[in-house]
Amino acid sequence: QVQLVESGGGLVQPGGSLRLSCAASGNIFSIYAMAWYRQAPGKQRALVATVTSGGSTNYADSVKGRFTISSINAVNTVYLQMNSLKPEDTAVYYCNARLSANWGTPPGDYWGQGTQVTVSS
């Protein structure tokens with residue numbers, strides 16, 4: 001069993017900052033990449049940022065220069081530092097991990113329960 005637990009969401013004013021955290025635990029053999037997605041009301045879930053086990057990162061155009069994804073492989077944790085937040089960043093943010101639970105098994109996608117981020121004055 002694999003669990004991803006997110007924390008750090010909340011209400012922030014435009015221009016403010018928040019830091020999201022996500023810790024993966026349980027039966028994990030190897031994590032290949034971790035990512036953050038978000039889903040705004042009435043919209044599909046969309047990729048925000050990814051980080052591979054080798055440290056390569058990728059960002060959605062809408063958050064480049066404002067958000068930073070990082071990870072600590074030794075503790076299977078990923079962070080999302082969000083600066084200069086805008087009302088359009090309001091969404092439920094989901095943590096994702098692509099991992100293998102056992103040696104020799106193909107990687108699968110695992111999801112956290114989501115954390116609400118609201119940007120409003």
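Note that the coordinates shown come from a computational prediction; the quantities given were computed from them, not determined experimentally.

Definitions and cut-offs
- Residues numbered from 1 in each chain as written.
- Predicted model: local features only at pLDDT ≥ 70, side-chain atom pairs only at ≥ 80, totals over all residues.
- Heavy atoms only, no water.
- Pairing = 2+ DSSP bridges.
- Helix = DSSP H or I, 4+ residues; strand = E, 2+ residues; numbered from the N terminus.
- Axes fitted to C-alpha atoms, helices over the stretch in contact; angles between N-to-C directions.
- Disulfide = S-S within 2.5 Å.
- Core = buried A, V, L, I, M, F, W, Y, C linked by side-chain atoms within 4.5 Å.
- Buried < 20%, exposed > 50% of the residue type's maximum accessible area, 1.4 Å probe, protein only.
- Contact = heavy atoms within 4.5 Å.
- Salt bridge = Lys/Arg side-chain N within 4 Å of Asp/Glu carboxyl O.

Caption draft 1: Region of interest: the sheet that holds strand β8 (residues 77-82). Strand order in the open sheet made by the four strands is β1-β3-β8-β7, with antiparallel pairing throughout. Unpaired on one side and paired on the other, β1 (2-7) and β7 (67-72) mark the two borders of the sheet. Sheet twist, expressed as the average angle between the axes of neighbouring strands with direction ignored, equals 15 degrees. Note: strand β3 (residues 18-26) against β8, six bridges, orientation antiparallel. Bridge assignment links leucine 18 to a residue of β8, and that residue is methionine 82.

Caption draft 2: Quick peek at the state of the cysteines. Counting across every chain of the model gives one disulfide. The residue that forms a disulfide with cysteine 22 is cysteine 95, at a sulfur-sulfur distance of 2.1 Å. The sign of the -80 degrees torsion about the S-S bond sets the cysteine 22-cysteine 95 disulfide as left-handed. Within this pair, whereas cysteine 22 is found in strand β3, its partner cysteine 95 is found in strand β9 (residues 91-100), the two being separated by 73 residues in sequence.

Caption draft 3: Up close: the nonpolar core. In terms of nonpolar packing, the biggest core is built from 31 residues, with Met34, Trp36, Leu80, Met82 and Tyr93 touching the most fellow members. Listed by contribution, the elements that provide at least two residues to this core are β1, β3, β4 (30-39), β5 (46-52), β7, β8, β9 and β11 (115-119). The dominant element in this core, judged by the number of residues it contributes, is β9, at five residues. Here tyrosine 93 is in contact with Glu6, Leu20, Trp36, Tyr37, Arg38, Val48, Phe67, Leu80, Met82, Gly114, Thr115 and Val117, once residues within four sequence places are set aside.

Caption draft 4: Region of the structure containing the pattern of salt bridges. Scanning the entire structure with this criterion turns up four salt bridges. The salt bridge involving arginine 66 is made with aspartate 89; its shortest N-O contact spans 2.7 Å. You can see arginine 66 sitting in the loop between β6 (57-59) and β7 and its partner aspartate 89 sitting in the loop between β8 and β9, a full 23 residues away along the chain. Each member of the pair, arginine 66 as well as aspartate 89, is classed as buried. Three or more residues joined by partner-sharing salt bridges are found here, namely Arg38, Arg66 and Asp89.

Caption draft 5: Representation of unusual backbone geometry within the structure. You will see that asparagine 76, though not glycine, has its phi angle at about 50 degrees, which is positive. Take asparagine 76: it is sitting in the loop between β7 and β8. By relative accessible area, which is 23% here, asparagine 76 ends up partly exposed. Its identity is not glycine, yet serine 84 carries a phi of approximately 50 degrees, on the positive side. For serine 84, the position within the fold is in the loop between β8 and β9.

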